Amino acid sequence: MENPKAQKLLNKIQRDLMRNGIITNTIVEDLKELRPYAVEEKSPLLAKVIRLTYEHIETYNTFDIPIPEDEPVEGFEEETAESENFEPAESLDYLLSLMAEAKNKVNALELREYSNSLIAYAEEN
């Protein structure tokens, strides 16, 4: 995110998350406040991920989406920890860090993965 106010708000969300964990009403309100900045920056993917994230937290009172797995490098396949063994606050923090640099191509791909995971989770539950 390029807007200094958006960056400041994103930093606040991450600080609150690390200090207090996922406090549903606070994080939902902050994300709702953040979304218009993404719309203003003409970033539909970012705006969508922010909306899906706060809707998910609002509905489930947690963040049940694991960090997207890296593609295994050929010859180096290793046992990956099951996606059920993840820390929701850590995954949310990672998502927020992706949002800060949403124009980065790798980050955009991971934001899209989060978006797909959030949609699939909502359809399954």
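See the structure above.
The shown structure was predicted, so the numbers you read here are calculated from the model rather than taken from an experiment.

**Comments concerning the packing of helix α3 (residues 44-60) against helix α5 (residues 105-124)**
- One can describe the packing of α3 onto α5 by two numbers: an axis separation of 10 Å at closest approach and a directional angle of 35°. By crossing handedness, the relation of α3 to α5 is classed as left-handed. Contacts from L45, L46, K48, V49, L52, T53, H56 and Y60 of α3 reach α5 at A108, L111, R112, S115, L118, I119, Y121 and A122.
- When its residues are assigned to classes, the contact of α3 with α5 shows 11 nonpolar, three polar and two charged.

**So, the packing of aromatic side chains**
- Applying the stated criterion across every chain yields a total of two aromatic pairs.
- Plain terms: the ring middles of Y60 and Y121 are 4.9 Å apart, the flat faces sit at 85° to each other, and that makes the pair edge-to-face. Remark: Y121 occurs in helix α5 and Y60 occurs in helix α3; sequence separation between them is 61 residues.
- Residue class for Y60 comes out partly exposed when judged on its relative accessible area of 25%.
- Consider the rings of F63 and Y114, whose centres lie 6.1 Å apart with planes at 35°: the pair is tilted. Taken together, the positions of F63 in the loop between α3 and α4 (88-100) and Y114 in helix α5 put the pair 51 residues apart, joining distant regions of the chain. This pair shows no difference in class: F63 is buried, exactly as Y114 is.

**What about the nonpolar core?**
- Ranked by internal contacts, the top residues of the largest apolar core, which has 34 residues, are L31, L34, M99 and L111.
- Within the residue set of this core, elements represented by two or more residues are α1 (4-20), α2 (24-40), α3, α4 and α5.
- Broken down by element, the residue count for this core peaks at eight residues, all from α3.
- Not counting the four nearest positions on each side in its chain, M99 is found in contact with M1, L10, L34, L46, V49, I50, T53 and L111.

**Description of the pattern of salt bridges**
- Scanning all chains against the criterion turns up five salt bridges.
- Between E55 and R51 there is a salt bridge, with its nearest N and O atoms 3.1 Å apart. Here the residue E55 and the residue R51 both occupy positions in helix α3, the gap between them amounting to four residues, near one helical turn.
- The exposure class assigned to E55 is partly exposed, which follows from its relative accessible area of 31%.
- Put simply, K12, D16 and D30 are held in one network by salt bridges that share partners.

**Some thoughts on α2**
- Compared with an ideal rise of 1.5 Å per residue, which puts 17 residues at 24 Å, α2 spans 25 Å between its outermost C-alpha atoms and is within 8% of the ideal.
- Buried residues of α2: T24, I27, V28, D30, L31, L34, Y37 and A38, and no others.
- Where α2 ends, the next residue or the one after it, K42, has phi of about 55°, a positive value.

Each value, and the rule that gives it
Residues numbered from 1 in each chain as written. Predicted model: local features only at pLDDT ≥ 70, side-chain atom pairs only at ≥ 80, totals over all residues. Heavy atoms only, no water. Axes fitted to C-alpha atoms, helices over the stretch in contact; angles between N-to-C directions. Helix = DSSP H or I, 4+ residues; strand = E, 2+ residues; numbered from the N terminus. Left-handed = near helix turned anticlockwise from the far one by under 90°. Contact = heavy atoms within 4.5 Å. Nonpolar A, V, L, I, M, F, W, Y, C, P; charged D, E, K, R; others polar. Phe/Tyr/Trp six-rings, centres within 6.5 Å; stacked < 30°, edge-to-face > 60°. Buried < 20%, exposed > 50% of the residue type's maximum accessible area, 1.4 Å probe, protein only. Core = buried A, V, L, I, M, F, W, Y, C linked by side-chain atoms within 4.5 Å. Salt bridge = Lys/Arg side-chain N within 4 Å of Asp/Glu carboxyl O. Expected span 1.5 Å × (residues − 1).

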